[in-house]
4 protein chains.
Amino acid sequence: MEIMAANSWGQRFVITSFGESHGPAIGVVVDGCPAGVPFDMALLQANLERRRPGQHGDPSRVVSARAETDEPEILSGVFEGKTLGTPIAIVVQNRDARSADYDSLKSAPRPGHADDVWKQKFGHVDFRGGGRASGRETLARVLGGSVAQMYLLAVSPSTRVVARALQIGPLPIEGEWPTAQVLEMLTQAQREGLSYGGQVEVRVGSPPISLGQPVFNKLKADLASALMGIGAVTAVELGAGVEAARAEGSEFHWRSISDQYGGIRGGLSTGEDIVLRLTFKPTATVLHQARSGRHDPCIIPRALPVVEAMVNLVLADHFLWRLGDRV
Amino acid sequence: MEIMAANSWGQRFVITSFGESHGPAIGVVVDGCPAGVPFDMALLQANLERRRPGQHGDPSRVVSARAETDEPEILSGVFEGKTLGTPIAIVVQNRDARSADYDSLKSAPRPGHADDVWKQKFGHVDFRGGGRASGRETLARVLGGSVAQMYLLAVSPSTRVVARALQIGPLPIEGEWPTAQVLEMLTQAQREGLSYGGQVEVRVGSPPISLGQPVFNKLKADLASALMGIGAVTAVELGAGVEAARAEGSEFHWRSISDQYGGIRGGLSTGEDIVLRLTFKPTATVLHQARSGRHDPCIIPRALPVVEAMVNLVLADHFLWRLGDRV
Amino acid sequence: MEIMAANSWGQRFVITSFGESHGPAIGVVVDGCPAGVPFDMALLQANLERRRPGQHGDPSRVVSARAETDEPEILSGVFEGKTLGTPIAIVVQNRDARSADYDSLKSAPRPGHADDVWKQKFGHVDFRGGGRASGRETLARVLGGSVAQMYLLAVSPSTRVVARALQIGPLPIEGEWPTAQVLEMLTQAQREGLSYGGQVEVRVGSPPISLGQPVFNKLKADLASALMGIGAVTAVELGAGVEAARAEGSEFHWRSISDQYGGIRGGLSTGEDIVLRLTFKPTATVLHQARSGRHDPCIIPRALPVVEAMVNLVLADHFLWRLGDRV
Amino acid sequence: MEIMAANSWGQRFVITSFGESHGPAIGVVVDGCPAGVPFDMALLQANLERRRPGQHGDPSRVVSARAETDEPEILSGVFEGKTLGTPIAIVVQNRDARSADYDSLKSAPRPGHADDVWKQKFGHVDFRGGGRASGRETLARVLGGSVAQMYLLAVSPSTRVVARALQIGPLPIEGEWPTAQVLEMLTQAQREGLSYGGQVEVRVGSPPISLGQPVFNKLKADLASALMGIGAVTAVELGAGVEAARAEGSEFHWRSISDQYGGIRGGLSTGEDIVLRLTFKPTATVLHQARSGRHDPCIIPRALPVVEAMVNLVLADHFLWRLGDRV
């Protein structure tokens, strides 16, 4: 019976996420997006599609078999193909909310999940599929992040945010994703009730220069918060990351490896590629396969558009912050 | 000539940091600290002392030789030994601001520093010792974090936040800090103009339960932001951290290693110890030894109270958030 | 083509309003409402009904003849009759959005409206019925304010917020509202294309004690902002209001008239009735009757639930602020 | 023993006020002021001087006889005559804090003051001269508002904010202030222990166009909050104010009186003069003359620079908000 606020992200480009996984709908309100941004429905749907499970011939076919048909409805803020500057509300109905599957879980805490912690905190809890703690909430982030991406395309057309898997469980990923080896491992994992985490690199090509603030809102701090806020993430590294611990300074700082600093110095983007590395722990849901009938042997394929969404949101927020502040 | 806002941290327990390294003073305003908290001046001074360089027989004697005598003045918010609930302003004069040392740097950008990036962003810049980008700004964090610590002592007396070095450059730290080996390495580094980073563990013993919010203000996200906001930090890991990438899930989640999750599940503290690991890159200032006469071969000894301060601030903020929210 | 943010209200009990008057829907997201509050759908609908025009035997029958059937859908945040603590999203479809009526206005600025000012600011503007500037946006406030009212009922059951008309144009209101005299005046006004403003008193009976903050978030300051934020309001008075200007102090402060201070001293509620008086200017839309076919000769009857909603929001926000802040 | 936060004002141009009336100092931190603004120390001191009591030949000589010598020290954020963009901390020592005067009040609640309400709320209270509730806190507002004024001068040089008395108690003010009649009345009031409120007009000449946001942060709403947040203010009116209640609409909206709307329509500044009217209640302190030896028979003369400061802060905040938001 405690408050569960904090469903907004950003200071100038702000999203508010809402919706339980098995309630009527998931949605987002984007506030602070300037007027006049071309609204690209195809881009929005492409991002949702990458997050969606169950597609044939796609690595994500090996993830949760739930048939989500995520059709976004734009309720406000867009008129004649452009943003109005008013709040943009986007809603996706939860059509296939098989909450019956979860009834058996009502009293049985699931290992690795936070059910017990939540119950202790909030008292009145929605047990239907994890409610708000479900990975389905990330849909709202992809909706909001897509609008951020549209804004960035309008003001910094060459900037691109791309996340890719570096490693899935014990397998490093090289060359074209998904490798046959990975598909085989995940198919087997699903059959045997195993799950894997891994590592993801997110890279911002041609970022705007001098995004970020020098003390508490360093660009790296806001990115760390945005990315550590994704459920399964256990580590965030910038540039050299954990490897920086062993280096000697005169060597470290004179090296001409461009990714050394990760594109951020003094809290500000330098204009070089921004490079971060994330670690995901293995999915816990897999443990309940027998009971629930749904699970993700590895969420990384579906997590990539979520990672990109969060980075686009941080960049859009700081772009607005940076703009227009000269006397 | 751009705005440099974002000098506040926290949503309910809020600090505002101010002051340039070679200006008249460094200070902080703490707003949102409840009334009635016993104000422990000795605790405040002990924390400042740990951050101060130049002490004999202390590992920090090997760090920057600048003679800082940091005497805090309480300007407001404390009356008859207790907080009033009003803003607590604390100021430390910069007595030994030898800005002349830095005059020669006015036009020479320092490798590894952000001088050039800042100039591009802000136009009008304070070159005196890095101005606001200097490590001296962290003094404000220790001031504010100490008040957060006093608040936590009042409401959760058994909670303790402790940071310790795990590794300095190539040397792992085991047993009593500082080992003779570390002191020898750092002494030599100072002589030869070398510098080292390392790794730090910060552990919260007996933390309050169910701190954190489920979506964007997960406790781990706010901690990541607070810690990645420290200048030299390049990686933040929770619990198993980067090691979680390779693990298989059924093994990972059933293991009975208490630090596995780092004390946070579903974004909320579980009551177990909260455990994070930070990576610091090597100091850049060392490169300019010949010119400036001051440098830190390794900032980790002095960074420990700064790390603790930031964690205390996050805990105090979430403690206030959690309190009183039941119907 | 400027940003139009600021669609959120509150610091702890926060609503985000969205929707254009002639777009698909109007809605609100309530964030920060504690878990466990009984959700009273009948109360919500009763408040919407009072805001709705076109009812027989009701003074609001003389207002805008638009047939709004406002059916709220709860998209999230409520489960088994209680709030979950998660964001509560409520949406009302705009079924009768006769935007054709407004096509003729696309190029013709309407006197008394802000069309020209908005166009200058935002560039890309929604001309359909005023878009976001329309009075229909206040529906979102009634939705959000109703949830605030439910929360207050749970934590302070005797508190009641009631707004009533004191004066309509030249006619003071005494006794039962609406008087025959007022109905006659408004009926004639509608026929002749006239419009009236008036004065409204809002009174909080049995308010919680010591709501408010002493410096910038005085309860009277937050109430003034909430009420002056209603489109047609031109004056906000607390207690004696403008009458306080002429009084001599020793008489003023010793008088035993309870409404003298309006129930707020030093920025804090005293526990006495909180009493404010608002002035509304006459509706401007009436001037376009011939062209648009819709107008309100006086918006005060429909504005009463909006006034109450804003006051409930301020009280809920400050109730959360006050709670749980003792060491 | 409750929290007393909310000592910050503004969203982009933000001040944080601190200091008790009889503690060591009063001060402000200004965050969000862009770099490169010429810092005008003379302007700052002139504003402080207008707020200071006890000057010969000045109407304010009739106000509180406390000899405040308010010498501002700039602790940070200004370098070589310009703002750095970093936080600007300004402190004024309380040299003449005769708290002994107030010892007798420690247990005696003062009628018209909020002592009893505060004690109930906060438990641990600073009784020295009202602590933070004292009018001396407004010094921090004048410090912060002066920086806002400098920023506006840099970006909108023709804009001028001027407050003037319209009425003191029963006497309307026409012609040169102070009239002999007013001086006589106030001198007598001081002798006899009487006090007066009055009315103040604040006018913004040549304001920037389209400041404000359309829904909750209407310019009039933020101004109302800023001005109602001044201790003794009981009413805020925009343009026609309370007079708008009686007017018929077609007459009201077609009238060519420029101050009719007060320079704000649809929540946005139109470029016409912004005109507001405030009502102040009579000072309560006068009642305690015999005990305390200090009182203000009328605070309006000293309140004028405080009113201007708050308006400058709102304008600066919205100027930053408006800037740079075009795609």
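Everything below is about the structure shown above.
What counts, and at which threshold
Within each chain, residue numbers correspond to sequence positions counted from 1 in written order. Chains and ligands are labelled by the order in which they are written, letters from A for the one and numbers from 1 for the other. Under the rules for a predicted model, residues below a pLDDT of 70 receive no local features and side-chain atom pairs below 80 are neither given nor counted, while totals for whole chains, interfaces and linings still include all residues. Hydrogen atoms and water are omitted, and side-chain values are computed over all heavy atoms in the structure. For every element, the axis is a line fit to its C-alpha atoms; helices are fit only across the contacting stretch, and the angle between N-to-C directions ranges from 0 to 180 degrees. Labels follow the DSSP assignment, with helices taken as runs of H or I lasting at least four residues and strands as runs of E lasting at least two, numbered in each case from the N terminus. When checking whether two residues touch, look at their non-hydrogen atoms; a contact exists if any pair is within 4.5 Å. Any residue outside Ala, Val, Leu, Ile, Met, Phe, Trp, Tyr, Cys, Pro, Asp, Glu, Lys and Arg is labelled polar, Gly included; the first ten of those are nonpolar and the last four are charged. The copies were overlaid with a least-squares fit restricted to C-alpha atoms from residues scoring a pLDDT of at least 70 in each copy. Accessible surface is computed with a 1.4 Å probe, and the buried area is the amount of it that two parts give up when combined, taken over both parts together. Salt bridges are defined as contacts in which a side-chain nitrogen from Lys or Arg sits within 4 Å of a carboxyl oxygen from Asp or Glu. The definition of a polar contact used here is a pair of N or O atoms within 3.5 Å, where within protein one atom must be able to donate a hydrogen and the other to accept one, and adjacent residues in sequence count solely through side-chain atom pairs. When DSSP finds two or more bridges between a pair of strands, those strands are recorded as paired.

Participant: Please explain the packing of helix H1 (residues 41-51) of chain D against helix H9 (residues 300-322) of chain D as it appears in this structure.
Facilitator: Helix packing for two helices is described by the angle between their axes and how far apart those axes are. Residue and element names in this part refer to chain D. Running from N to C, H1 and H9 point in directions that differ by 140°, and their axes come no closer than 7 Å. Judged by residue contacts, Asn47, Arg50 and Arg51 of H1 engage Pro301, Arg302, Leu304, Pro305, Val306 and Glu308 from H9. Its residues assigned to classes, the contact of H1 with H9 comprises four nonpolar, one polar and four charged.

Participant: I keep staring at the environment of Ile74 of chain A and nothing clicks. Help me out?
Facilitator: Among the secondary structure elements, Ile74 of chain A is positioned in strand E4 (residues 72-74). C-alpha of Ile74 of chain A to C-alpha of Ile88 of chain A: the two residues are 14 residues apart in sequence and 7.3 Å apart in space. Setting aside anything within four residues of it in sequence, one finds Ile74 of chain A in contact with Phe39, Met41, Leu44, Ala89 and Ile90 of chain A together with Pro24 of chain C.

Participant: Explain the relation of the copies chain B and chain A to me, please; I cannot follow it from the model alone.
Facilitator: There are two copies of the chain, and a rotation about an axis plus a shift along that axis relates them. Least-squares fitting of chain B to chain A yields an RMSD of 0.0 Å, with the transformation described by 0.0 Å of translation along the axis and a rotation of 180°. The operation mapping one copy onto its partner corresponds to a two-fold rotation axis. The C-alpha atom lying nearest the rotation axis in chain B is that of Ser225 of chain B; the distance is 2.4 Å. Interface overlap between copies is the fraction of interface residues in one copy that are interface residues in the other; for chain B against chain A it reaches 99%, indicating a shared surface.

Participant: What should I look at first to understand the interface of chain B and chain A in this one?
Facilitator: On the chain A side, the residues contacting the 89 residues of chain B number 88 residues. Buried surface at the junction of chain B and chain A, summed over both partners, amounts to about 7300 Å²; 61% is from carbon and sulfur atoms. Joining chain B to chain A, the criterion identifies zero salt bridges. The interface formed by chain B and chain A includes 22 residue pairs in polar contact (both at pLDDT 80 or more). In terms of residue class, the side of chain B that touches chain A is built from 44 nonpolar, 29 polar and 16 charged. Here strand E11 (residues 233-238) of chain A pairs with strand E11 (residues 233-238) of chain B via three bridges, running antiparallel. Paired with Val236 of chain A across the bridge in E11 of chain B is Val236 of chain B.

Participant: So what exactly am I meant to see when it comes to the pattern of salt bridges here?
Facilitator: Any two side chains of opposite charge can pair, given that their charged atoms come close. Inspection of every chain in the model, using the stated rule, returns 40 salt bridges over all chains. For Asp273 of chain C, the salt bridge goes to Arg203 of chain C, with nearest N and O atoms at 3.0 Å. Taken together, the residues span a long stretch of sequence, with Asp273 of chain C in the loop between strand E13 (268-269) and strand E14 (274-280) and Arg203 of chain C in strand E10 (residues 198-205) at a distance of 70 residues. Via salt bridges that share partners, Arg164, Glu201, Arg203, Asp259 and Asp273 of chain A belong to a single interconnected network.

Participant: How should the sheet that holds strand E9 (residues 171-172) of chain C be read in this particular structure?
Facilitator: By way of backbone hydrogen bonds, the strands of a sheet pair with one another, either parallel or antiparallel. Read across the open sheet, the 10 strands follow the order E9(C)-E8(C)-E10(C)-E14(C)-E11(C)-E11(D)-E14(D)-E10(D)-E8(D)-E9(D); overall the sheet is antiparallel. A strand with exactly one partner marks an edge of an open sheet, and here the two such strands are E9 of chain C together with strand E9 (171-172) of chain D. Two elements, strand E8 (residues 160-168) of chain D and E9 of chain D, share two bridges in a ladder whose sense is antiparallel. Each residue of the ladder has a partner; that of Ile168 of chain D, found in E9 of chain D, is Leu171 of chain D.

Participant: Looking at this structure, I do not really get the pairing of E8 of chain D. What am I missing?
Facilitator: Consecutive residues of a regular strand have side chains that alternate between opposite faces of the sheet. All names here are of chain D. In terms of strand pairing, E8 meets strand E10 (residues 198-205) through eight bridges, oriented antiparallel. Note that in E10 the partner of Val161 across the bridge is Val204. Linkage of E8 to E9, two consecutive antiparallel strands, is achieved through a turn of two residues, within which Gly169 is found at a positive phi near 50°.

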